[in-house]
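# Fold and contact review
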Amino acid sequence: MNFHTLPLPSLPRVLATAGYQARLLVRQPAFWLFQAILTLLLYVNVFQVLLPTASSADFVATIVGKGFSTIVFVLTAFLVAPAVARSCGPVADILWSTSLRPFEFAAGMFTGLYLPLACSVCIHLLLHWVATFLPGATAKTPPLTMLIAFGLPPLLTVLALAVAVYLLLAAFFRTPILVYVVALAYWVIWLAGLIVPTATLLSPWNIALLTYTLSPSAGLGADAPLVRGVLTFWGVLALTLVSGLPWGLVRAHRLDALRPALRAIVWPFAGLVVAGSVLLHFAAVASTAQVPATPGQPTGQWSVVQNDVHLHLHGAQVEGQAVLTLRNAGMLPVQEMFLRLNAGLEIKEVSIGGAPAAARREGDSVLVPLPLPVAPEESIVVSIHYGGRLFTAREDYARADTLRGPWIRLPLPLRAYLADGIGFLERDGDWHPWPLVAGPHLAEVDWRLAVRFSKDAGKVLAADSAQISTPDDAILVEWQGTLPSALLAYGAIQPCQVDQQVFLPAHATAEDCVLGADYLSTLTELRDWLGLPPTETWRVVALPYRQDAAWGEGVLFYPETSEYMASLRGLRSGELEPTRAALHRAHEVSLAWWRAQVRWPPPLLVQRPSNGITNNPQIPAGRLMPESEQTLDEALAWYTAIHVTAHLREDPTLVDQEISFWTRVFETNRGPLTPGLEAMLNRQQLDEELAARGISNITWTPPRLAALAADILSLHEVYLASPGEDFQALLREFGAKYSLDNVQPAAAESFFTLAREQTGQDHLSLWQARHQAIASIGTPP
Amino acid sequence: MIIQVDNLHKVYGNGVVALDGITLRIENGMFGLLGPNGAGKTTFMRILAGLIRPTQGTICADHLDLTRGRDLDTFKATLGYLPQELELYADLSASEFLEYIALLKGLNNGRMRRARITEVLSLVRLTDVARRRLRTFSGGMKRRVGIAQALLVEPQVLIVDEPTAGLDPEERVRFRNLLSELGQDRMVILSTHIVEDVAQTCLELAVLCRGRLLFHGATIEMIESVEGKVWEMAAPPNYKPDSTAVVVASVRQAEMVRYRVLADAAPLPGARSSQPTLEDAYLWMMRGIALD
């Protein structure tokens, strides 16, 4: 290939071709039909009506942008190849009898056809953006970013890539067949799913294939990113051009003209400039792209290094000693220490480094002024002796931190529940008590927990990995290094008359017994459905102050009837119909089971609006609530519950009904909806149905809700691909593979990777696609 | 300008030999290209216009080697080409189409371009319908648009392939005269089935048949080649001429039929020799090929 023989393209010819092709395009009825269809999709949202599984207008907009950008690579082949063959429609002979060149025609044709389409798409998207997101403050993508993302710059990549590839092929082989073959191969690879996107954003990087990987489902492995391939392509192209430079110079030297020499330089230089500018452009756009922020992680000023707590349970009386070694992990000296303690407990003594210190209570907060400021990275040892009677929910209902019962928030990921004659501890799977603000806390905390019961107060029903000793008149249960999943100490606790596996506190009613039997049957059904071996030793224990179920080794705690009904009333006014109540119960049991079986990644704390307890800088401005990045545990719980309830109620249609419901949840919550669409989807009714399932709109924000629904729908797809025993085996395998003994927590990807191995279908990509659809809302497509 | 064609071969991918060793020289003025269907005329014209590459042979236009890309580009800037099969962008108007082609041909100055477009539209008498979409044009009108685009850059070489096909007689004569006029100071290569068009306009011509050059020379020379072989006579309707003779025309007159026949000798005793035309010469040449 002689570069100096390649003439520079004539801009007037390119522009003329572009202009007249554009003119021809807009005179086609098909062009206006396309506009009408786009209008219907974006504003009237016909797509949503036609396809129940379709998403909102944003999704359509993304599809339009993405699809257009994807197929343009192939379409370009059909512009370039005829140009190579000099056969371009009715006026080909006239066109090619002029000085028009294939590249000029291809570029002009592409620009002329693309420009009106791109402009119309941009206008549609801009109007759609304005109509959907304005007025009102929004963190959505600025229109300019959207225009950049959908506009010409990203398409420049495809144009440059396609035209360069095709013309190089044509220049070397002088046949359009190869162009078609390459385009066809690309399309086949795409359709066959041999390459899959890994990015959540439809960024120019994505369009340029930079974030695509070879599909693992095709056995190609995720560790072979196409980035290398694309970079290699650009590298080879650049090297080719550069290597042509001396050749061109030699030729130019032999020839007498200066222009060929210039051309020999200009061509490689132009190629490098184009390649470089395209890559720089992508880098710039990608760097400014708005990536959905991960849930906030407030930086605490303290990190617990050592924690030693003793609790003495006697009835509802508590006496404890906490020895905390605290380190200032912040940047500034700290002058006071903050701790939360149940408002019913009194601080009896506080010492710092062995010296007595004062403490001040503000609600359930304890402020300990430090005698000397603690410098960054320095540590102090604080000992707190406390005791008293825990407030119950009924006594101190208004306090935010006692809403869920009389539990003490220890500086451990544990909850302790106390009542007359009964007390229990459980792993607080979704909470990081202050001052632990981010996981994984186990790696950071060297802790020991000892709980002392008086012998006559009760006995330990279940305790895992605990060392139990009876030194004198007490039962001492100690944990060190491994958290207990649950511990129950009870005094007057008796088997239920209805079922010997249901245990009730002394104050329990007959209704608690019936409810316990329901829980037990749900638990048994869950066991059967999961294909677990029969276990006769399971116990179901009613506990006060609980609104949800908790799972321990061989024991399930369930809320007493009063709490259960209170929770149902809180979910929805009036009584729940039996199926809904059964579903709710099955979900509770299932969630407790799944959380007790699988090591899930620790949740992050998200700041909620302040409850105004204190202005202490050590207290985050808002209330910290746990929010898990993954939703598969909940999804597994719901999906399992659906099947269990369907079996229990002998209602196989329940599965379809629930899947239909979760489909609606996904579509409705995956992005902002226009008012018309809100009405169409009957948002209010959906919220009521969610409430009936105990799903709070406070903790379940729309994106999380959509993520949950996406997981449930993906689980159903796995089930459909591998129903019955196979699916149950998959669940068991997942539970076993990612059990609590694992250091590495389970992720949703882990499950769908397992599913892929079993069914041979790429469930992971489907799952990713759903989550990308959520993540892409409000971000540059 | 002089175009020199040497040993030109064109073999298509399917093995069809379209041109087989054509060697000829074309100078300024009107040059006719005659031949039956499949003779290779259009292939020859398309090679000259740079649309396809020859398999073998050279074509030079003055100092330009038309088998080389850059020289071909230079040549194209001086070329006007009207293809045989003419289709146009139906959704453009005549003036828009001409504007586009003018831009491709390098008429970048807007004012000059528009003036030239007006001029050529006037030449082909399409000024009144310049803004109408081409889809509304008749076949003849489209042909005239094709001619107009070929004249846009005042070409030094004008290649017209069947330019008068589809034109009404008046328009045909008008266009023939236009070509003659243009041929006074440039090269016009006219390929046609209509022998009369060549006879009326071209001083030189070439005859192709099955890819080979049968004749190349002055028109008058070709006509003279059948001097003494053209006969006119009256004969009864059941008259059957000799198989070596060619009946050029037969017109019924009362009980008799008046024949114009090409033959080496008088076909009938009453036949009288007639003045030959180019058509006679062409048909006589084709007869020779058929007999071979």
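Residues numbered from 1 in each chain as written. Chains lettered and ligands numbered in written order. Predicted model: local features only at pLDDT ≥ 70, side-chain atom pairs only at ≥ 80, totals over all residues.

### Let's talk about the overall build of chain B
Note the threshold: Strands here are runs of E lasting at least two residues and helices are runs of H or I lasting at least four, both read from the DSSP assignment and numbered beginning at the N terminus. Put simply, a residue is buried when 20 or more other C-beta atoms lie within 10 Å of its own C-beta and exposed when 12 or fewer do; between those, it is partly exposed, and each C-beta is set from the backbone. For every residue pair, C-beta atoms are placed from the backbone, and the pair is scored as a contact if these atoms sit within 7 Å.
Counting its regular elements, chain B contains nine helices and 14 strands. By residue count, 41% of the 292 residues in chain B fall in the buried class. The long-range share in chain B, meaning contacts at least 24 apart out of those at least 6 apart in sequence, stands at 67%.

### Side note on the overall build of chain A
A count of helices and strands for chain A gives 23 helices and 25 strands. The proportion of buried residues among the 781 residues of chain A is 43%. Pairs at least 24 apart in sequence give 69% of the contacts found in chain A among residues at least 6 apart.

### Description of the sheet that holds strand β14 (residues 272-273) of chain B
All names here are of chain B. This is how it is decided: Here the rule is simple: two strands pair whenever DSSP picks up at least two bridges between them.
Across the sheet, which stays open at both edges, the four strands sit in the order β12-β13-β11-β14 with antiparallel pairing between neighbours. For this open sheet the edge positions go to β12 (246-253) and β14, each flanked by a neighbour on one side alone. Two elements, β12 and strand β13 (residues 256-262), share seven bridges in a ladder whose sense is antiparallel. From the neighbouring strand, V246 faces β13, where its bridge partner is L262.

### Remarks on the sheet that holds strand β7 (residues 157-161) of chain B
Residue and element names in this part refer to chain B. This is how the line gets drawn: Helix axes use the C-alpha atoms of the stretch in contact, all axes being lines fitted to C-alpha atoms, and the angles between their N-to-C directions lie in the range 0 to 180 degrees.
Taking strand neighbours across the sheet as the criterion, the six strands line up as β6-β7-β8-β3-β9-β10 in an open arrangement whose pairing is mixed. In the strand order of this sheet, the two ends are held by β6 (79-82) and β10 (212-218), each with one partner. With strand direction ignored, the average angle separating the axes of adjacent strands in the sheet is 15°. Here β7 pairs with strand β8 (residues 187-191) via five bridges, running parallel. Looking across to β8, one finds that L158 is bridged to V188. On the sheet, helix α1 (residues 41-48) packs against β3 (29-34), β7, β8 and β9 (204-209) and is oriented at approximately 150° with respect to β8. Sheet strands touched by helix α5 (residues 139-150): β6 and β7. Its angle to β6, the strand with the most contacts, is close to 165°.

### Considerations on helix α15 (residues 578-597) of chain A
What counts here: One fewer than the residue count of a helix, multiplied by 1.5 Å, yields its expected span.
An ideal rise of 1.5 Å per residue puts 28 Å on 20 residues; α15(A) measures up with 28 Å between its terminal C-alpha atoms. Summarising burial for α15(A): 16 of the 20 residues are buried, a large majority.

### Points about the nonpolar core
The line we're drawing: Connectivity within a nonpolar core runs through C-beta atoms within 7 Å, and the core itself is a set of buried Ala, Val, Leu, Ile, Met, Phe, Trp, Tyr and Cys residues. By convention here, the domain bounds are inherited from an automatic or database domain assignment.
Within the largest apolar cluster, 99 residues are counted, with the highest numbers of intra-cluster contacts made by I159(B), V188(B), I189(B) and L190(B). The leading source of residues in this core is helix α6 (residues 102-133) of chain A, at nine residues. The residues that make up this core include at least three from each of domain 1 (2-219) and domain 2 (228-275) of chain B. If sequence neighbours within four positions are ignored, I159(B) has contacts with M45(B), L48(B), A49(B), L79(B), Y81(B) and I189(B). The next biggest cluster of nonpolar side chains, apart from the first, holds 76 residues, and it includes F503(A), L526(A), I642(A) and F727(A).

### Digging into the pairing of β3(B)
Working note: regular strand, side chains alternate between the two faces of the sheet. Residues and elements named next belong to chain B. Taken across its six residues, β3 has five buried, putting it largely inside the fold. By the bridge criterion, five bridges tie β3 to β8 in an arrangement that is parallel. When the sheet's bridge partners are listed, L33 is paired in β8 with S191.

### Notes on the environment of A357(A)
All names here are of chain A. Secondary-structure assignment places A357 in strand β7 (residues 355-357). Among the residues examined, A357 registers 17 C-beta atoms within 10 Å and is labelled partly exposed. As for A357 and P371, which are separated by 14 residues in sequence, their C-alpha atoms are 7.8 Å apart. Excluding its chain neighbours within four sequence positions, the residues that come into contact with A357 are V350, S351, I352, V368 and P371.

### Here we look at the interface of chain A and chain B
For clarity, the threshold we go by: The nonpolar class holds Ala, Val, Leu, Ile, Met, Phe, Trp, Tyr, Cys and Pro. Asp, Glu, Lys and Arg form the charged class, and all remaining residues, Gly among them, are polar.
Counting residues at the interface gives 18 residues for chain A and 24 residues for chain B. Elements supplying a minimum of two residues to the side of chain A that touches chain B: α1 (11-26) and α5 (92-96) of chain A. Residue contributions to the side of chain A that touches chain B peak at five residues, all from α1(A). Partitioned by chemical class, the residues of the side of chain A that touches chain B number ten nonpolar, four polar and four charged.

### Quick look at the confidence of the model for chain B
Our working definition: Confidence of the predictor at the level of single residues is captured by pLDDT, which takes values from 0 to 100.
On average, residues of chain B score 88 in pLDDT, and 99% of them are at 70 or above. Note on the complex model: pTM 0.48, ipTM 0.85.

### Observations concerning the packing of helix α17 (residues 653-669) of chain A against helix α19 (residues 683-692) of chain A
All names here are of chain A. Quick reminder of the rule: Any angle between 65 and 115 degrees counts as roughly perpendicular, while under 35 counts as roughly parallel, over 145 as roughly antiparallel, and the rest as oblique. Take the far helix as the reference: if the near one is turned anticlockwise from it by less than a right angle, the crossing is left-handed, and if turned clockwise, right-handed.
Two elements in contact, α17 and α19, have axes whose closest approach is 11 Å; the angle formed by their N-to-C orientations is 125°. In this view, α17 runs oblique relative to α19, as classed from their interaxial angle. The interaxial crossing formed by α17 with α19 has left-handed handedness. Listed contacts from α19 to F661, R664, V665 and T668 of α17 are R683, L686 and E689. Grouping the constituent residues of the contact of α17 with α19 by class yields three nonpolar, one polar and three charged.

### Considering the pairing of β8(B)
All names here are of chain B. Selection criterion: With strands facing away from the observer, any crossover in which the path from the first strand over the helix to the second runs clockwise is taken as right-handed.
Within β8, five of the five residues are buried, leaving the element largely enclosed by the surrounding structure. Residues of β8 alternate between two faces, with M187, I189 and S191 on one and V188 and L190 on the opposite face, all of them buried. Viewed along the sheet, the connection from β7 through helix α6 (residues 169-182) into β8 turns out right-handed.

### Side note on unusual backbone geometry
Residues and elements named next belong to chain B. Although it is not a glycine, E154 adopts a positive phi angle of roughly 45°. You can see E154 is positioned in the loop between α5 and β7. The phi dihedral of E162 is positive, around 50°, even though this residue is not glycine. By the element assignment, E162 lies in the loop between β7 and α6.

### What to know about the packing of helix α3 (residues 94-104) of chain B against helix α4 (residues 110-123) of chain B
Residue and element names in this part refer to chain B. The contact between α3 and α4 brings their axes to 10 Å, and the two run at 125°. Taken together, the axes of α3 and α4 are oblique relative to one another. Handedness of the α3/α4 crossing: right-handed. Facing A94, S95, L98, E99 and A102 of α3, the residues of α4 in contact are R113, R116, I117, V120 and L121. Residue composition of the contact of α3 with α4, grouped by class: six nonpolar, one polar and three charged.

### Here we look at α5(B)
Its twelve residues place the ends of α5(B) 17 Å apart at the C-alpha level, agreeing with the 16 Å of an ideal helix rising 1.5 Å per residue. The buried fraction of α5(B) amounts to nine of the twelve residues, a majority that puts the element mostly inside the structure. Listed in full, the buried residues belonging to α5(B) are M141(B), R143(B), R144(B), V145(B), G146(B), I147(B), A148(B), Q149(B) and A150(B). Here the buried face of α5(B) lies against α5 of chain A together with β6, α3, α4, β7 and α6 of chain B.

### Some points on the environment of H647(A)
Note that H647(A) resides in helix α16 (residues 632-648). Measuring from C-alpha to C-alpha, the distance between H647(A) and L526(A) comes to 9.5 Å, with 121 residues separating the pair along the chain.

### Notes on the confidence of the model for chain A
Summary statistics for chain A give a mean pLDDT of 65 and a share of 45% for residues scoring 70 or more. When the criterion is pLDDT under 50, residues 777-781 of chain A qualifies, and its contacts beyond four places in sequence or with other chains add up to 28 contacts.

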